[in-house]
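Here is what each chain is made of, one letter per residue.
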Amino acid sequence: MNNSAHFAPRYEALFRVSDCLRAHQDIQGLFRALPFQLHPVVDFNYMSVFLNADSRDEASWFVPDDDDHSALTAARDVPIEQAHVSWAFEHQQPAIIGKLDGQVRFSGSSRLLSERGLQSGCAVPITTAHRRLGAMFLGSAGPCPGSDEEVRFLSFVADRIALAVDDVLSQESRDDQARSDTLFRENRALREGVVSASMFDEIVGSSEALNRVLAHVTKVAPTDATVLITGETGTGKELIARAIHERSNRSSRAFVRVNCAAIPPSLIASELFGYEKGAFTGAGQRHVGRFELANGGTILLDEIGDIPAETQIALLRVLQEREFERVGGTHPIPIDVRVLAATNSDLNAAVDARTFRLDLFYRLSVFPIQMPSLRERPEDILLLATYFIERYASKAGKKIRNIERRTLEWLQAYDWPGNIRELQNVVERAVILCDGETFSIDETWLQPETRATKTPVALAATLANQERGMIKAALEESRGRISGPLGAAGKLGMPRSTLESKIKSLRINKHQFKYA
């Protein structure tokens, strides 16, 4: 099943399971019911959960009860799947275990599977928007499908479990101040401290390109303007969005991030705007959407280019009228949310292809910020590498004092198609392998063949930007005049009709230059 539409019934059933799980008032009761509740939506033969909540005295494991394998109970000993679950918790990503002879990441995979009578398994982190709670392991007596959609669904299951665990822990910590209203609980938790794991903890660099971005952040942050952050993947768009929120008047309120590409198109409206009881099969009670969670604060719509057409209309209404309706609802709900959007795709091209609404594009790009790629700020590479070396060496308990000269040359010569995220991953891998005080990398990690490789899409976008800049400069010099001896067409050496066509295709407002 690679089609998201085929997964829609499972997602809808999961909402019902989520509501049942969140009805529990204590951790023991929640985990005793967890396997029974999950079986209708996930096929597994064994389950365990690692809980490392900061509000508890110590980490806990929950494994199948000796007398009732359909329930989880607190473990006396650490189970053998510890390495897999710990890795998923530490790296905040799924750890897939497939064939017995195909695993190299974990030396104990064969033993784990054989002792449990399993053929495959998956460890998934249990994390909310504001804290890491633990991880769970699901094992199967059959082979793991391993598809991207299956892994995405398991991660979605873990997110629902995380909300249920967070509710119980928050309930316990509040004692006599417990409230039953879900919106109150989730908003309060978010407002008390939303500190999610980001690509890096601080904005590192001193390049002119980065300083221009930070100057824009300083200007726009105190306002309520909608900001569209564009740039290649791995350039730090989410970090800039958080910087805008933290420097705004809404900094004490919630910051909610939504990855629009990670939610199936059929479910994104219910995730953003919530749904009413009975809105669809499995909707057993009202569900609060991300916009309501962010009320009074900021919402980041990441990968905004992947939002489906029907949801674009609802989002446009939120931006224009500051209200929305839940799925299945009939009454408008007023909302006070600052909207930030981010994308690594070309929204202008999407508008031309009629996959993205032009009016929504204009509403989102009130204040555009273009993130520079790492190759546009080469003077920051050494600063970033040093920052990451110190960060990962400290975590690993190592002392790294020097950088090998050849390594430094390779780092500065590489084009970094994955940008800062790729640099971060290379440094982390090298620190893990480093046995001395000198930091070094293997040149083959950088895949030199990518240095001269530019995709046709990226090249076309670069040429279009250059052409747009030349036309704007000519229009500014001619004060918006197109034809005539002093017109922009003559300055550019092209016929008037050709220039008019290019102005239209590049979406340049020629009238703005008349009074410049």
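Structural data are supplied above this passage.
Residues numbered from 1 in each chain as written. Predicted model: local features only at pLDDT ≥ 70, side-chain atom pairs only at ≥ 80, totals over all residues. Heavy atoms only, no water.

(A) Main features of the sheet that holds strand 8 (residues 255-259). Within the open sheet, the 5 strands sit side by side as 8-9-12-7-13. Their pairing is parallel. At either margin of the open sheet sits one strand with a lone partner, and together these are strand 8 and strand 13 (367-370). Averaged over all pairs of adjacent strands, the angle between their axes in this sheet comes to 20 degrees, without regard to strand direction. In this structure, strand 8 lies alongside strand 9 (residues 298-302), joined through 5 bridges in parallel fashion. Across the sheet, residue N259 finds its bridge partner in strand 9, namely D302. (Pairing = 2+ DSSP bridges. Helix = DSSP H or I, 4+ residues; strand = E, 2+ residues; numbered from the N terminus. Axes fitted to C-alpha atoms, helices over the stretch in contact; angles between N-to-C directions.)

(B) Structural view of the sheet that holds strand 6 (residues 132-140). Strand order across the open sheet formed by 6 strands is 3-2-1-6-5-4, with antiparallel pairing between neighbours. Each end of this open sheet is capped by a strand with a single partner; those strands are strand 3 (72-74) and strand 4 (95-97). If you compare each strand with its neighbour and ignore which way they point, the axes differ by 20 degrees on average. Taken together, the 3 bridges between strand 4 and strand 5 (residues 120-127) define a ladder with antiparallel strand orientation. The residue bridging I96 from the neighbouring strand is C122, located in strand 5. The strands touched by helix 2 (residues 27-38) within the sheet are strand 1 (46-51), strand 2 (60-64) and strand 3, with strand 1 carrying the most contacts at an inclination of about 150 degrees. Across the sheet, helix 3 (residues 82-91) touches strand 1, strand 2, strand 4, strand 5 and strand 6, and the angle it forms with strand 6 is around 135 degrees. (Contact = heavy atoms within 4.5 Å.)

(C) Inspection of the packing of helix 14 (residues 381-396) against helix 16 (residues 419-433) at higher detail. As a packed pair, helix 14 and helix 16 sit with axes 9 Å apart at the nearest point and diverge in direction by 45 degrees. Here helix 16 runs oblique to helix 14, going by the angle between their axes. Where helix 14 crosses over helix 16, the two elements pack in a sense that is right-handed. Counting all contacts with helix 14, which are made through I381, L384, A385, F388, I389, R391, Y392 and A393, the residues of helix 16 involved are I420, L423, Q424, V427, E428 and V431. Split by residue class, the contact of helix 14 with helix 16 holds 11 nonpolar, 1 polar and 2 charged. (Parallel < 35°, antiparallel > 145°, perpendicular 65-115°, else oblique. Left-handed = near helix turned anticlockwise from the far one by under 90°. Nonpolar A, V, L, I, M, F, W, Y, C, P; charged D, E, K, R; others polar.)

(D) Representation of helix 14 in the model. With 16 residues, helix 14 should reach 22 Å at 1.5 Å per residue; the first-to-last C-alpha distance of 22 Å fits that figure. For helix 14, the set of buried residues is I381, L384, A385, Y387, F388, I389, Y392 and A393. Those residues of helix 14 that are buried lie in contact with strand 14 (402-403), helix 15 (405-413), helix 16 and strand 15 (438-439). One or two positions beyond helix 14, positive phi appears at G397, with a value near 70 degrees. (Expected span 1.5 Å × (residues − 1). Buried < 20%, exposed > 50% of the residue type's maximum accessible area, 1.4 Å probe, protein only.)

(E) Quick peek at helix 15. For helix 15, the set of buried residues is T407, W410 and L411. Projected down its long axis, helix 15 carries its buried residues within an arc of 100 degrees, all on one side. On its buried face, helix 15 sits against helix 14, strand 14, helix 16 and strand 15. (Arc of directions from axis to C-beta.)

(F) Focus on the pattern of salt bridges. Scanning the model with the defined rule gives 22 salt bridges in all. Across the pair R317 and E321 runs a salt bridge, and its minimum N-O distance is 3.8 Å. Placement of the pair is R317 and E321 together in helix 11 (residues 309-321), with a separation of 4 residues, close to one helical turn. Among the residues examined, R317 registers a relative accessible area of 25% and is labelled partly exposed. Classification of E321 by relative accessible area gives partly exposed; the value is 46%. Through salt bridges with shared partners, one network takes in E238, R242, R257 and D302. (Salt bridge = Lys/Arg side-chain N within 4 Å of Asp/Glu carboxyl O.)

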